[in-house]
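# Close look at the chain arrangement
Residues per chain, in single letters:
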Amino acid sequence: MPVIPALKALLGSIPKQASLKEMSLEGQRQAGNDGATALAAAVAEEPREVGTITEALVEVDGGHITVRIYQPKHSGPHPIHLYYHGGGWMFGTIDDPFVDIVCRERTALAGFVSVAVEYRLAPEHKFPGPLNDSYAALEWIVEHAADFDADPTRVTVGGGSAGANLAAAITLKARNENGPAITFQLLEVPALDLTASSPSVEKYGTGEYPLSRAELQVCLDGYLPAPEDATNEYASPLLAQDLSGLPPAHIMTSEFDPLQDDGARYAEKLNAAGSKATLTMGAGHVHGSSQFTKLLPEAAAWRDEAIAQLIEHADRHAVTGA
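This one's a predicted model, so the numbers in the text were calculated from it and none came from an experiment. (Residues numbered from 1 in each chain as written. Predicted model: local features only at pLDDT ≥ 70, side-chain atom pairs only at ≥ 80, totals over all residues. Heavy atoms only, no water.)

### Some details on the overall build of the chain
Put simply, the rule reads: Put simply, DSSP marks the helices as runs of H or I at least four residues long and the strands as runs of E at least two long, and each gets a number from the N terminus on. Relative accessibility under 20% of the residue-type maximum defines a buried residue, over 50% an exposed one, and the middle range a partly exposed one, all with a 1.4 Å probe and only protein chains included. By definition, residues are in contact when any of their heavy atoms lie within 4.5 Å. Only the protein chains shown count as covering a residue, and every accessible area follows the Shrake-Rupley method with a 1.4 Å probe.
Secondary structure summary: the chain contains nine helices and eight strands in total. On the principal axes, the C-alpha backbone points of the chain span a range of 45 × 40 × 40 Å. Taken across its 322 residues, the chain has 55% of its residues classed as buried. Partitioning the intrachain contacts of the chain with sequence separation of at least 6 by distance along the chain shows that 80% fall at a separation of at least 24. Surface exposure of the chain reaches about 12,900 Å², of which carbon and sulfur atoms provide 53%.

### Digging into the packing of aromatic side chains
Where we set the bar: Aromatic pairing here means that ring centres of Phe, Tyr or Trp (its six-membered ring) are within 6.5 Å. Orientation follows from the plane angle: under 30 degrees is stacked, over 60 is edge-to-face, and everything else is tilted. Comment: the charge-over-ring label is applied if NZ (Lys) or CZ (Arg) is within 6 Å of the ring centre and within 35 degrees of the ring normal.
Per the counting criterion, the structure on display carries seven aromatic pairs. For the ring pair Phe98 and Phe292, a centre distance of 6.4 Å and an interplane angle of 40° mean the geometry is tilted. Separated by 194 residues along the polypeptide, Phe98 in helix α3 (residues 97-108) and Phe292 in the loop between β8 (277-286) and α9 (297-312) bring together distant segments of the chain. Comparing Phe98 with Phe292 shows no difference in burial state: the two are buried. With a centroid separation of 5.2 Å and 35° between ring planes, the pair formed by Tyr209 and Phe256 is classed as tilted. Taken together, the positions of Tyr209 in the loop between α6 (199-204) and α7 (213-223) and Phe256 in strand β7 (residues 249-256) put the pair 47 residues apart, joining distant regions of the chain. Summarising the burial analysis for this pair, Tyr209 and Phe256 share the class buried. Directly above the aromatic system of Tyr135 lies the positively charged group of Lys173, at a separation of 5.1 Å from the ring centroid.

### Thoughts on the pattern of salt bridges
Formally: Salt-bridge detection follows one rule: a side-chain nitrogen of Lys or Arg within 4 Å of a carboxyl oxygen of Asp or Glu.
According to the stated counting rule, one finds 18 salt bridges in the structure shown. Between Glu26 and Arg29 there is a salt bridge whose closest N-O contact spans 2.8 Å. Of the two residues, Glu26 and Arg29 both sit in helix α2 (residues 25-43), three residues apart, roughly one turn of that helix. Between Lys73 and Glu49 there is a salt bridge, and its shortest N-O distance comes to 3.0 Å. Placement of the pair is Lys73 in the loop between β2 (63-71) and β3 (78-84) and Glu49 in the loop between α2 and β1 (52-60), with a sequence separation of 24 residues. Note on accessibility: Lys73 and Glu49 belong to one class, exposed. Taken together, the shared-partner salt bridges in this structure form one network comprising Glu45, Arg48, Glu105, Arg303 and Asp304.

### Quick look at the side chain of Asp151
Under the convention used in this document: For the purposes of these results, a polar contact is taken to be a pair of N or O atoms within 3.5 Å, where, inside protein, one atom must be able to donate a hydrogen and its partner to accept one; residues adjacent in sequence count only when each atom of the pair is a side-chain atom.
Counting through the fold element by element, Asp151 comes out in strand β5 (residues 150-160). A distance of 2.8 Å separates the side chain of Asp151 from the side chain of Thr153, its partner in a polar contact. Here Arg154 takes part through its side chain, which lies 2.9 Å from a polar atom of the side chain of Asp151.

That's the geometry; what it means functionally is another story.
If you want it as structure tokens, here you go:
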């Protein structure tokens, strides 16, 4: 189908991201954050009420990062959902209203203790820095689960775009290092092959839709210390040699998205390795439009699908029993 009509009309009014050559990195980050605030007010449903919201500092290599913990109103212990924001590893923050809305939804509607992770950004912190920060947050919430009425045996991870990349990589790292048992991964519009070899990169990365091939390359150059790092399995989970023994995954892609094929290819490889994966494609969606829940019924349906998947996996207690 074509791009959703109401979405097509909106896309023409959204300013394109300025070139890094035209604006400082900090300036571009601030402009992006300001733009997200204005956009969320126009296109996203109101934030849901939750029980309590707490911030904590997590010790990481060379410093600390902030995590924001959302607890349900009712008593637990509750399953845990770590959420990693998108932004090409270079942009984005847990203060983004879209991130706040998602975490509130997963807490209020699915009954999870949701944890938004403020991993440090590239290029100041290149790969594997953001990954290591994100993994430290996983270990921290499992260790401190009781403090938030949460169940450390029911841990799920998720994220969008670059955040989904981190969630998938963390799942691999936890398996490889016998880390915390992750019971489910929810990957939305994931970037999983940082060699940018998926056919959809060329098909939909022309600039006609959000996330052009040029914008993607800026983010890859900022995140990766060297081009050859793109083949590291923690940078590109799709290129991992062994995808067996991983928790179930539900992957949600958008039709007019340069990253569409990353998700489809990953689902195929996971299933071939015996790790259960399901895949849906948001017809008519572009990269990021699943967040426009007030404007688009199709975005609200996307949100409802994600919530249903989390509820379905809420009671899983181990990878082997999932």
